[in-house]
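Chain by chain, the residues:
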Amino acid sequence: MGTSLLHFALLMGLLVVLPCSASSRKDHYRFRNDMPSNPDDEGETHHHDFGGILPVSRCRHNYNERTEAGINRQINLMMYVGYVYHSMAQHFGRCDVALPGFQKFFRQMAQDQREKAETLMNYQNLRGGLVRLQQVTAPSTAEWGSGIEAMEHALELEKTINEAMLELNMVALQHEDVHAATYLQTIFLNPQVEKIFTISQYITNLERVGPGLGEYMFDKLPQN
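Rules and cut-offs
Residues numbered from 1 in each chain as written. Predicted model: local features only at pLDDT ≥ 70, side-chain atom pairs only at ≥ 80, totals over all residues. Heavy atoms only, no water. Helix = DSSP H or I, 4+ residues; strand = E, 2+ residues; numbered from the N terminus. Buried < 20%, exposed > 50% of the residue type's maximum accessible area, 1.4 Å probe, protein only. Contact = heavy atoms within 4.5 Å. Areas by Shrake-Rupley, 256 points an atom, 1.4 Å probe, with all protein chains shown as cover. Patch = residues over 30% accessible without salt bridge, like charges linked within 9 Å, V, L, I, M, F, W, Y side chains within 5 Å. Salt bridge = Lys/Arg side-chain N within 4 Å of Asp/Glu carboxyl O. Lys, Arg positive; Asp, Glu negative; His and termini not counted. Charge placed at Lys NZ, Arg CZ, Asp CG, Glu CD. pLDDT = per-residue confidence, 0-100. Expected span 1.5 Å × (residues − 1). Bend = angle between axes of the 7 residues up to and from the residue. Axes fitted to C-alpha atoms, helices over the stretch in contact; angles between N-to-C directions. Parallel < 35°, antiparallel > 145°, perpendicular 65-115°, else oblique.

Draft legend 1. Layout of the overall build of the protein chain. Of regular secondary structure, the protein chain possesses six helices and two strands. For the protein chain, the sequential pattern of α-helices and β-strands runs α-β-β-α-α-α-α-α. Expressed as a percentage of the 224 residues in the protein chain, the buried residues total 38%. Residue pairs at least 24 apart in sequence account for 78% of intrachain contacts in the protein chain once pairs closer than 6 positions are excluded. Only carbon and sulfur atoms are counted for the fraction: they give 59% of the accessible area of the protein chain, which is about 13500 Å².

Draft legend 2. Main features of a negative patch on the surface. On the surface, Glu149, Glu152, Glu156 and Glu207 cluster together to form a negatively charged patch. Locating Glu149 in the fold gives a position in helix H4 (residues 147-174). In this structure Glu149 comes out as partly exposed when scored by relative accessible area, which is 44%.

Draft legend 3. Inspection of the pattern of salt bridges at higher detail. Enumeration according to the criterion identifies four salt bridges in this entry. Taking the shortest distance from any N to any O, the salt bridge between Arg94 and Asp96 comes out at 2.9 Å. Salt bridges here are not isolated pairs; linked through shared partners, they connect Arg94, Asp96 and Glu143.

Draft legend 4. Just the confidence of the model for the protein chain, in detail. Taken over all residues, the pLDDT of the protein chain has a mean of 83, while the share at 70 or more is 74%. Segment residues 14-46: pLDDT under 50, and 35 contacts once partners within four positions in sequence are set aside and those in other chains are kept.

Draft legend 5. Here's a closer look at helix H5 (residues 178-209). When the terminal C-alpha atoms of H5 are compared, their 46 Å separation across 32 residues agrees well with the 46 Å that a helix rising 1.5 Å per residue should span. Of all bends in H5, the biggest is about 40°, found at Gln185. Every buried residue of H5 is accounted for by Ala180, Ala181, Leu184, Phe188, Leu189, Gln192, Lys195, Ile196, Ile199, Tyr202, Ile203 and Leu206. Buried residues along H5 sit against helix H2 (65-92), helix H3 (100-126), H4 and helix H6 (213-219). Once H5 ends, the next one or two residues include Gly210, with phi positive near 80°.

Draft legend 6. Quick look at the packing of H2 against H4. One way to put it is that H2 packs onto H4 with a least axis distance of 10 Å and a crossing angle of 170°. By the criterion of interaxial angle, the relationship of H2 to H4 is roughly antiparallel.

Draft legend 7. Up close: H4. In a regular helix each residue adds 1.5 Å, so 28 residues correspond to 40 Å; H4 covers 41 Å between its end C-alpha atoms and thus fits that length. Immediately downstream of H4, the backbone of Glu176 shows phi near 55°, a positive value.

Draft legend 8. Up close: unusual backbone geometry. The phi angle at Asn62 is positive, at roughly 55°, despite the residue not being glycine. Given a relative accessible area of 31%, Asn62 falls into the partly exposed group. In this structure, Ala98 takes a positive phi of about 55° despite not being glycine. With respect to the secondary-structure elements, Ala98 resides in the loop between H2 and H3.

Below, the structure written as structure tokens:
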């Protein structure tokens, strides 16, 4: 009879301890409860390490994994565009092209893209995300033609960046991340619209002055 009572007491003790242990393990990752759990969700970023899942950053709050993954893609896009602008700058610095104003302009455009990518990396850390750098694709060519042809290509690149940033902004809004949406609009979207307008003006002026001497004179303008 005494042995039966002892076994019953041990069983009751295990029933009390096990739920507490399970609750403790669950609470350790409670900050993931508002994030997508389906591995097929678009843009989901899993924080894995050799020892398993990394603990969620202490400062992370209301930061969806789709927003985190979108920012990493935007960083990669900006690095690629900066890479292309570097190629353009070197094209116009060649002795058989000799348009130093265009070279200076595209070198500055490349630097702007690097700085924007760095800004997004800092924001990723600020929100408790993980910066995942990806391979940067090389430009498809090293020949960029005339000044107006290069400007037209630059306009398309800037529109591509703007479109990607708009999509990222919508992802943040879908997950009610007001901070990310406001930050993206203020720091990136508003200046991006102005840049698209400015490059469009340059293209109009290049069309007006024409190739040859006109392009050479445009190259000497202060903005270059």
